[in-house]
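# Secondary and tertiary structure notes
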Amino acid sequence: MNAIEVRNLTKYYGKSRGIIDVSFVVPEGSIYGFIGPNGAGKSTTIRLLLSLIHATSGSAEILGMDCLKEGHKIRHKVGYVPAEVNFYDDMKVGDFLKYSAKFYEKNGKERVNSLCADLDVDMSRRISDLSSGNKKKLAIVQALLHQPPILILDEPTSGLDPLIQNKLYDVLRDENKRGTTIFFSSHVLSEIQKMCDQVAIVKDGRILKIDSVENLRSSLYKTIRINFDNIKDMMNFEILGSAGINYKDKQMDFIYNGNMNALTSTLNDYKIENLWVEEPSLEDIFLHFYQKGE
Amino acid sequence: MAIYLRELARNRIALIVWTITMISFSVFLMTFFPTIQDQAIELQRLMEQYPKELVAAFNLDRLKMADPMGFYGTQVYIFITLFGSIYSMLLFTSVLSREESEKTAEFLLTRPVTRSNVLIAKTLAALTNITIFNLLFGMCNLILFDIYAQGEYDVNILILLIIGPYLMHLLFGAVGLLISVFVVKARALYPVSIGVVLGTYFVSVVSTLSDTAKDLRYLTPFKYFDAADIVTDERIATLSLIVLGVALVFALGGSLIFYSRKDIAV
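Cut-offs applied
- Residues numbered from 1 in each chain as written.
- Chains lettered and ligands numbered in written order.
- Predicted model: local features only at pLDDT ≥ 70, side-chain atom pairs only at ≥ 80, totals over all residues.
- Helix = DSSP H or I, 4+ residues; strand = E, 2+ residues; numbered from the N terminus.
- Buried ≥ 20, exposed ≤ 12 C-beta atoms within 10 Å, placed from the backbone.
- Contact = placed C-beta atoms within 7 Å.
- Nonpolar A, V, L, I, M, F, W, Y, C, P; charged D, E, K, R; others polar.
- Pairing = 2+ DSSP bridges.
- Axes fitted to C-alpha atoms, helices over the stretch in contact; angles between N-to-C directions.
- Core = buried A, V, L, I, M, F, W, Y, C linked by C-beta atoms within 7 Å.
- Parallel < 35°, antiparallel > 145°, perpendicular 65-115°, else oblique.
- Left-handed = near helix turned anticlockwise from the far one by under 90°.
- Right-handed = clockwise from strand over helix to strand, strands pointing away.
- Bend = angle between axes of the 7 residues up to and from the residue.
- Domains from an automatic or database assignment.
- pLDDT = per-residue confidence, 0-100.

### Regarding the overall build of chain A
Counting secondary structure elements, chain A contains 11 helices and 14 strands. Here the C-alpha coordinates of chain A stretch approximately 70 × 40 × 35 Å along the principal axes. Per-residue burial for chain A yields a buried fraction of 39% across its 294 residues. The long-range fraction of contacts in chain A, counting pairs at least 24 apart against all pairs at least 6 apart in sequence, stands at 70%.

### A closer look at the interface of chain A and chain B
Listed per partner, the contact involves 15 residues of chain A and 17 residues of chain B. Looking at the side of chain A that touches chain B element by element, the count peaks at 3 residues for helix α2 (residues 71-76) of chain A. Considering only residue class, the side of chain A that touches chain B consists of 9 nonpolar, 4 polar and 2 charged.

### What to know about the environment of B:Gln49
All names here are of chain B. When you line up the elements, Gln 49 lands in helix α3 (residues 40-49). In this structure Gln 49 comes out as exposed when scored by C-beta crowding, with 7 C-beta atoms within 10 Å. Taking the C-alpha atoms as reference, Gln 49 lies 37 Å from Val 243; in sequence the two are 194 residues apart.

### Some thoughts on the pairing of strand β1 (residues 2-13) of chain A
Residue and element names in this part refer to chain A. Relative to strand β2 (residues 16-27), β1 runs antiparallel, the two being bridged by 8 bridges. What sits directly across from Asn 2, in β2, is Pro 27. Hairpin connection, β1 to β2: the antiparallel pair is bridged by 2 residues, and Gly 14 has positive phi, about 65 degrees. Relative to strand β4 (residues 57-62), β1 runs antiparallel, the two sharing 5 bridges. Of the residues in β4, the one forming a bridge with Glu 5 is Glu 61.

### Regarding the sheet that holds β4(A)
Residues and elements named next belong to chain A. Taking strand neighbours across the sheet as the criterion, the 4 strands line up as β2-β1-β4-β5 in an open arrangement whose pairing is antiparallel. A single partner strand is all that each edge strand has here, and the edge strands are β2 and β5 (65-66). Lying over the sheet, helix α1 (residues 42-49) contacts β1, β2 and β4, oriented at roughly 115 degrees with respect to β1.

### Let's talk about the nonpolar core
By size, the foremost hydrophobic cluster in this structure holds 122 residues, and its most contacted members are A:Leu49, A:Ile152, A:Phe183 and A:Phe184. Considering each element in turn, this core owes the most residues, 14 residues, to helix α5 (residues 68-101) of chain B. Apart from residues no more than four positions distant in its own chain, A:Leu49 is found in contact with A:Ile4, A:Ala60, A:Ile62, A:Cys67 and A:Ile152. In this structure, A:Tyr221, A:Ile226, A:Ile255 and A:Tyr256 belong to the second largest nonpolar core, which totals 7 residues.

### Observations concerning the environment of B:Val17
Residue and element names in this part refer to chain B. Structurally, Val 17 can be placed in helix α1 (residues 2-30). The exposure class assigned to Val 17 is exposed, which follows from the 11 C-beta atoms found within 10 Å. Each C-alpha atom, one on Val 17 and one on Glu 152, is 32 Å from the other, the two residues being 135 residues apart in sequence.

### Focus: the packing of helix α8 (residues 155-182) of chain B against helix α12 (residues 238-261) of chain B
Residue and element names in this part refer to chain B. Put simply, α8 and α12 touch, their axes get as near as 9 Å, and they point 20 degrees apart. By the angle between their directions, the pair α8 and α12 is classed as roughly parallel. When the axes of α8 and α12 are compared, the crossing they make is left-handed. When α8 is examined against α12, the residues Leu 167, Leu 170, Leu 171, Ala 174, Leu 177, Leu 178, Ser 180 and Val 181 are found in contact with a partner set consisting of Leu 244, Ala 247, Leu 248, Ala 251, Leu 252, Gly 254, Ser 255, Phe 258 and Tyr 259. A class-by-class count of the residues in the contact of α8 with α12 yields 14 nonpolar, 3 polar and no charged.

### Remarks on the sheet that holds strand β11 (residues 222-228) of chain A
Residues and elements named next belong to chain A. If you trace the 4 strands from one edge of the open sheet to the other, you get β12-β13-β11-β14, paired in antiparallel fashion. The open sheet has two free edges, formed respectively by β12 (242-248) and β14 (272-278), since each of these has just one partner strand. Across the sheet, the mean angle from the axis of one strand to that of its neighbour is 15 degrees, orientation sign disregarded. Across 6 bridges, β11 lies against β14 in antiparallel orientation. Residue Arg 225 lies in a different strand from β14, and its bridge partner there is Trp 276.

### Observations concerning the packing of α1(B) against helix α7 (residues 115-148) of chain B
Residue and element names in this part refer to chain B. Packing of α1 against α7 brings their axes to within 9 Å, and their N-to-C directions diverge by 25 degrees. Relative to α7, α1 is oriented roughly parallel. Of the two elements, α1 crosses α7, and the hand of that crossing is right-handed. Taken together, the residues of the contact of α1 with α7 break down into 20 nonpolar, 6 polar and 2 charged.

### Examining the pairing of strand β7 (residues 150-154) of chain A
Residues in a regular strand point their side chains to alternate faces of the sheet. Residues and elements named next belong to chain A. Here β7 lies mainly inside the structure; 5 of its 5 residues are buried. In this structure, strand β6 (residues 78-81) lies alongside β7, joined through 4 bridges in parallel fashion. Across the sheet, the residue bridging to Val 78 is Ile 150, located in β7. This β-α-β element, β7 to helix α6 (residues 162-177) to strand β8 (residues 181-186), shows right-handed connectivity.

### Considerations on α5(B)
Residues and elements named next belong to chain B. Within α5, the axis deviates most sharply at Val 95, by approximately 55 degrees. With 29 of 34 residues buried, α5 is to be regarded as a mostly interior element. Of the residues one or two after α5, Lys 103 is the one with positive phi, at around 65 degrees.

### Quick word on the environment of B:Val175
Inspection of the secondary structure puts B:Val175 in helix α8. Residues B:Val175 and B:Phe79 lie 96 residues apart in sequence; the distance between their C-alpha atoms is 20 Å.

### Looking at unusual backbone geometry
Most of the time, phi is negative for any residue but glycine, and the peptide bond is trans. One non-glycine residue, A:Glu155, adopts positive backbone phi at about 50 degrees. Looking at the element boundaries, A:Glu155 is found in the loop between β7 and α6. Overall, the presence of 22 C-beta atoms within 10 Å leaves A:Glu155 in the buried class. Backbone geometry places B:Lys103, a non-glycine residue, at a positive phi of 65 degrees. In this structure B:Lys103 comes out as partly exposed when scored by C-beta crowding, with 16 C-beta atoms within 10 Å.

### Re the domain arrangement of chain A
Annotation of chain A at the domain level lists domain 1 (2-212) and domain 2 (222-278). Relative placement of domain 1 of chain A and domain 2 of chain A: their C-alpha centres are 42 Å apart.

### Notes on the confidence of the model for chain B
Interpretation of the predicted coordinates at a detailed level should be avoided for regions scoring low in pLDDT. Residue and element names in this part refer to chain B. Looking at chain B, the pLDDT average stands at 90 and 100% of residues meet or exceed 70. Mean pLDDT in chain B bottoms out at helix α4 (residues 52-57), which sits at 80, and peaks at α7, which reaches 95. In the predicted complex, the global pTM is 0.84; the interface-specific ipTM is 0.84.

See below:
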């Protein structure tokens, strides 16, 4: 069974676009990256999964249950960290966690205590006094306390300092080892690169590409950097499959997803001083996709 | 149950403040009653000098201030219906909109509960609040009248005059609950709540002032639970109870349907 299955999901807010025809499958036990810039439709997709909003068309299932019809059953098995944390300002952290735990069967006190210790959450403080980073940590504890088999995280690291970010990665890896499926939305590529097995790239409400993180990074794309002998040559150089071209003095670099032989044979006609073929970062690939789309 | 208890705890301070304020006010009013009784004749003469319509608008044509039930019906009744209805509107309008305006709806609705359960738990909590409020206020007035006017009135009518406002509060609550699904901004709740109560009160006054506007009475909760009607008929009209029942069913059913289909924007 798949943890999450989304089919042709479309959401319009009145006339304005939320997401269009989004489909993807999250296998059980995986860490699935969901990446795109702000406004791409990441949060809309997540809100549809949690049935906070209703789809215009298409369907979504979690653990084989329909998100809309069996939403309350699904939410037993889901922990959710929102992008923007809004909890009850009048409550103290400890009371809030107790309240949250009341909704679940599994709600061990030791679990809460150890999570709070791991992420450095102070139970005695009032929620209204917490910084956004501390609120985020509280949201993470709240999402994990009932040991859900599925975690849906909407930009969980935003607002966290690097130390806590790393602790969070550790906590998430531990959870994943225990079999927890993690759906991880972010606009920071390095953390997707670090954490995820698979990634779906969203842009303007549509899925641009779904791939394994490894594939996306290694097989298809290379960063090519060439030092030309003269500027004239450099300006004449052209090849199919290049994008994101940068010029600097007599050096040019670009991302290449064409045939390597085509590249070397084309280069034969030019005088070059040096050539680098490098593994592009996901950031570069990402950037490349976006430039192509525009 | 967790939501219900949390809601009660959250509304506790408002309940205490409203109850104490209203009870103090009725104690304060009651202390005037003996003086008013002493000056009954002068008061009657004074009333005759006012325009008939104005006297009727405040029910002083059918109720006598010097009579205990008339005093309750024209004095205490007006403020407990007006202020109590505002309190009830605030309670019921905030049932759903408060969580949405404070954006905590996202937390609550991602718990493993259905939206219907959320709505019902919160509505029951509001109902509990308004019931406790009316119970305490009513008990206090039973005691007050026992002290100030013992033997001069029919307790059954006083009980009806205590139940009347409670039912009116529920009618306003039903309106408030429906508003709660649609009006999300917390800032809007006070003007809307106070506006609806004062507006319908104004309509009820207008409907007594002029014969042409008489039928407007069917549009205002104040006329369905009119003190003079209760004292004269010695009962609450069946029509009023039917209207209340229909309003409650309609409000609860409507809000359940609308809320379960609503997109929660945060």
